[in-house]
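Residue-level listing of the chains:
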Amino acid sequence: MAKHIRTLIALAFLFLAVQRLAAQEITFTAQVDRNSIAVGEYVKYTISLGNARDRFEAPSFGGLVVVQGPFDNSSFTIINGRMSGSTSRTWVLTATKPGKYTIGAAKVRVGGGIIETQPITIEVAKGAGQQSDPNATQGQSRDPNIFITIGLSQRKAYVGEQIVATYTLYSRYSGLETTKETLPKLDGFWAENVELGEPSWDPQFSTVNGLQYRTAILKRQVLIPQRAGKLRVSNYTMECVVNRSFFNRGTPLEVKSNAVEVTVTDLPGNAPASFNGAVGELEMVVKADRTQVKANEAIELTVTYAGKGNLKLLEAPDLELPSDLEQYDPKVTDKINVNAGGMSGSRSYQYLVIPRHEGDFIIAPIEFTYFDTRSGSYRTIASEPLNLQVSPGDGTAAAVQRPNKTDVQVLGKDIRYIRTGDLDLRPTGEHLFGSVAWFAGLSAPAVAFVLFLGWRRKRETELRDVAGSRRKQADKVARKRLSDAEIALKSSDRTAFYDALGKALHGYVGDKFGLGPAEINAANLRAHYMRYAGGEPVAIDYIRLMEACDMARYAPVEDRPRQQLYDEAAGLIGRTEQLVRA
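Keep in mind that this is a model prediction, so the values were computed, not measured.

Points about the environment of Gly62
By the element assignment, Gly62 lies in the loop between strand E4 (56–57) and strand E5 (65–79). For the pair formed by Gly62 and Lys100, sequence separation is 38 residues and the distance between their alpha carbons is 9.3 Å. If we ignore the near neighbours within four places in the chain, the residues touching Gly62 are Tyr101 and Thr102.

Encoded structure:
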């Protein structure tokens, strides 16, 4: 019983306390710990509600950025029998740029009315020694919680000088998912992407005007301007979802970067004749694998450009060789790195040079001119002349192939006149019916049908004779392949010429003698040619020609001009046809 009495007394006492508390004056105030700060410094803003338990609304911060908060705090006191209670909420704010900011009035509804606080003005001065990235400051002004910047290694460049563009994401959100991205337009630039792998957050936070951000490099490119003037890198746009969780779908956002301009200056107009567009910090090395060879032996001549610059845009140098040296198209070898420092490494051109006669030859110095971005002027590098000593080879001297002159052929002299005189007109009174032509036309279908049956029977017999068909078509097929070789000869396509000529030679003897690809060898060819009178010399010439063609086909060596090989092939096929018919 006593226990229940004590409980009732406590409840009554609490009821009276609440009633007295309600009777106290209700207060609602807002205050800051200071009214003047510098960019990047913090100010604490606190709202306090006394003697009431109602919920209040946060004010407009007038451009100030929330760094932390809100933090809630409640208190309850009894002094001299008087009870009072208060609820407060605190934010930590900062400013990203100088100016005057006004924190608006906070509001709370108590009973049937609304109570407001007084607005507060904060003066923000420029931060001392502030070194924030201007691009980041600009992005922060668009949205202080998330933005993208485009940073360039330089804003002024020459045509052909490389610029590194970095696309960086700044975010204060704990969770972020990218759904779509749109790359900027690069009008007037040649671009090369830097391999970065999947974007990831930097483990270190970045501070921009007092706010800390997680950062990630989205993309990095090497840009090489192709023309002078103001070139623009447009906005990088990204669509994403932030603050997504199991219970929250998140908030979709579109983030757009700044756009940047580059002032591109044209190269000076006094470029030497050997300049071909190279720009950067480059060097050239020219070397030959050997300088003493025999006639018809190959020499590897390598020209290497190395350094930092637009290496992937360099062209092969032109070699000035004596007429007795034959040059083949170069093999290109790149050892180029593209990273945050730009494009660097080396590009090599490997030439195959074959001297056709013995003697001493000099390969003239190779000149390379590039625009040096360090000095802002052209620089020319010249190699040393190469002295080649060529001794006699196996006794066969290759002739130098030169283009043949062809006279213009007259295809027609005049327009043909209209025929006059005897026109072979039919005399009046003659009719077709009953004439020889009429009877001939009447019997023509029956005759044609009989001829068709005979032709069909002959055709079926020929189709069943596969070996005979191959023999009959051998010359025709070989002539077709020789025509392909002739086209390649006229266009100076070495690979296509020897490929077509080899197929013509191998295919002809295979079809003519009924041989498979594995059966075409010197022994079999001699055996088949020896069946015919006078076949041995033809077989010897044919085998030698096939060997010469195969050697040139699979090795960079030609022991005679291509026109001579073509003429010999056509002649040997004709001699074989005459031999077999006889």
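Points about the layout of surface pockets
Each pocket or cavity is described by its volume, and for the second largest pocket that value is around 420 Å³. If you go around the second largest pocket, you meet 19 residues; those closest to its centre are Glu181, Gly197, Pro199, Leu218 and Lys219. In terms of residue class, the lining of the second largest pocket is made up of 10 nonpolar, four polar and five charged.

A closer look at the nonpolar core
Formed by 34 residues in total, the largest nonpolar core has its most connected members in Phe497, Leu501, Leu505, Val509, Tyr529 and Tyr542. Going through the elements one at a time, helix H4 (466–490), helix H5 (494–513), helix H6 (522–529), helix H7 (535–554) and helix H8 (562–581) are the ones with two or more residues in this core. If we skip the residues at most four places from it in the chain, Val509 touches Gly514, Leu515, Ile520, Leu525, Tyr529 and Tyr542.

Some words on the side chain of Ser88
Mapped onto the secondary structure, Ser88 falls in strand E6 (residues 82–94). You can call Ser88 buried: its relative accessible area is 13%. Residues within four places of Ser88 in sequence aside, it is in contact with Thr46, Ile47, Ser48, Phe71, Asp72 and Asn73.

Some remarks on the confidence of the model for the chain
Of all residues in the chain, 83% have pLDDT values of 70 or greater, and the mean over the chain is 80. A low-confidence stretch, residues 12–23 (pLDDT under 50), is modelled with nine contacts involving residues beyond four sequence positions or located in other chains. Throughout residues 397–411 the model reports pLDDT below 50, and contacts reaching past four residues in sequence, or to other chains, amount to 13 contacts.

So, the sheet that holds strand E21 (residues 260–265)
Pairing is mixed across the open sheet formed by three strands, whose spatial order is E12-E21-E18. Since the sheet does not close on itself, it has two edges, and those belong to strand E12 (156–158) and strand E18 (229–233), each with one partner. The sheet shows a mean angle of 35° between the axes of neighbouring strands, taken without regard to direction. Pairing geometry for E18 and E21, over five bridges, is antiparallel. Bridge assignment links Arg232 to a residue of E21, and that residue is Glu261.

Some thoughts on the environment of Val65
Residue placement: Val65 occurs in strand E5. Residue classification places Val65 among the buried residues on the basis of a relative accessible area of 7%. The sequence separation of Val65 and Val92 amounts to 27 residues, and the corresponding C-alpha distance is 8.5 Å.

Here we look at the packing of aromatic side chains
According to the stated counting rule, one finds 14 aromatic pairs in the structure shown. Look at Tyr305 and Tyr349: their rings are 6.3 Å apart centre to centre, the planes differ by 70°, and that puts the pair in the edge-to-face class. Placement of the pair is Tyr305 in strand E24 (residues 299–309) and Tyr349 in strand E27 (residues 342–355), with a sequence separation of 44 residues. Pair check on accessibility: Tyr305 and Tyr349 agree, each one buried. Seen in terms of ring centroids, Phe497 and Tyr498 are 5.1 Å apart; in terms of plane orientation they differ by 75°. Their pairing is edge-to-face. Accessibility expressed as a relative area gives 0% for Phe497, which makes it buried. An aromatic cluster of at least three residues, connected via ring pairs, comprises Tyr158, Phe275, Phe371 and Tyr378. Note that Arg214 overlies the ring of Trp201, its terminal NZ or CZ placed 4.1 Å from the centroid.

Concerning the side chain of Thr237
Tracing the backbone through its elements, the reader meets Thr237 in strand E19 (residues 237–242). In this view, Thr237 contacts Lys180, Glu181, Thr182, Glu254, Val255 and Lys256; residues no more than four positions away in its chain are not counted.

Structural notes on the sheet that holds strand E10 (residues 120–125)
Read across the sheet, three strands follow the order E2-E10-E7 without closing on themselves; strand pairing throughout is mixed. Looking at strand neighbours, the two that pair on one side only are strand E2 (36–38) and strand E7 (99–103), the edges of this open sheet. Averaged over neighbouring strand pairs, the angle between their axes works out to 30° when direction is ignored. When E7 meets E10, the two strands line up antiparallel, connected through five bridges. Its bridge partner being in E10, Tyr101 is matched across the sheet by Ile122.

Describing a negative patch on the surface
Together, Glu315, Asp318, Glu320 and Glu367 make up a negatively charged patch on the protein surface. On the secondary structure map, Glu315 appears in the loop between E24 and strand E25 (325–327).

Some details on a nonpolar patch on the surface
A cluster of nonpolar residues, Phe449, Val450, Phe452, Leu453 and Trp455, forms a patch on the protein surface that exposes about 550 Å² of accessible area. Following the sequence through the fold, Phe449 ends up in helix H3 (residues 436–464).

Considering the pairing of strand E26 (residues 331–339)
Two strands pair when backbone bridges link them, and E26 and E27 are joined in this way by nine bridges, in the antiparallel orientation. Note that in E27 the partner of Asp334 across the bridge is Arg347.

Thoughts on the packing of H5 against H8
For the pair H5 and H8, the least separation of the axes is 11 Å and the interaxial angle reads 10°. On the basis of the axis angle, H5 is roughly parallel to H8. Judged by residue contacts, Arg494, Phe497, Tyr498, Leu501, Leu505, Tyr508, Lys512 and Phe513 of H5 engage Arg562, Leu565, Tyr566, Ala569, Ile573, Thr576, Glu577 and Val580 from H8.

Comments concerning H5
Between its terminal C-alpha atoms H5 stretches 29 Å, which fits the 28 Å expected from 20 residues at 1.5 Å a residue. The buried fraction of H5 is high, at 15 of 20 residues. Of the residues flanking the end of H5, it is Gly514, one or two places downstream, whose phi is positive at about 65°.

Considerations on the pattern of salt bridges
Summed over the entire model, instances satisfying the criterion amount to 15 salt bridges. A salt bridge links Glu177 to Arg244; its shortest N-O distance comes to 2.8 Å. Residue Glu177 is located in strand E14 (residues 176–182), and its partner Arg244 is located in the loop between E19 and strand E20 (251–256); the two are separated by 67 residues in the primary sequence. Given a relative accessible area of 45%, Arg244 falls into the partly exposed group. Asp334 serves as the salt-bridge partner of Arg347, at 2.7 Å between the closest nitrogen and oxygen.

Procedures and definitions
Residues numbered from 1 in each chain as written. Predicted model: local features only at pLDDT ≥ 70, side-chain atom pairs only at ≥ 80, totals over all residues. Heavy atoms only, no water. Helix = DSSP H or I, 4+ residues; strand = E, 2+ residues; numbered from the N terminus. Contact = heavy atoms within 4.5 Å. 1 Å grid on protein atoms, 1.4 Å probe; cavity = no way out; pocket = protein on both sides within 12 Å on 5 of 7 lines; lining within 4 Å. Points joined across faces, edges and corners; volume = space filled by probe spheres on them. Nonpolar A, V, L, I, M, F, W, Y, C, P; charged D, E, K, R; others polar. Core = buried A, V, L, I, M, F, W, Y, C linked by side-chain atoms within 4.5 Å. Buried < 20%, exposed > 50% of the residue type's maximum accessible area, 1.4 Å probe, protein only. pLDDT = per-residue confidence, 0-100. Pairing = 2+ DSSP bridges. Axes fitted to C-alpha atoms, helices over the stretch in contact; angles between N-to-C directions. Phe/Tyr/Trp six-rings, centres within 6.5 Å; stacked < 30°, edge-to-face > 60°. Lys NZ or Arg CZ within 6 Å of the ring centre and 35° of its normal. Patch = residues over 30% accessible without salt bridge, like charges linked within 9 Å, V, L, I, M, F, W, Y side chains within 5 Å. Areas by Shrake-Rupley, 256 points an atom, 1.4 Å probe, with all protein chains shown as cover. Salt bridge = Lys/Arg side-chain N within 4 Å of Asp/Glu carboxyl O. Lys, Arg positive; Asp, Glu negative; His and termini not counted. Charge placed at Lys NZ, Arg CZ, Asp CG, Glu CD. Parallel < 35°, antiparallel > 145°, perpendicular 65-115°, else oblique. Expected span 1.5 Å × (residues − 1).

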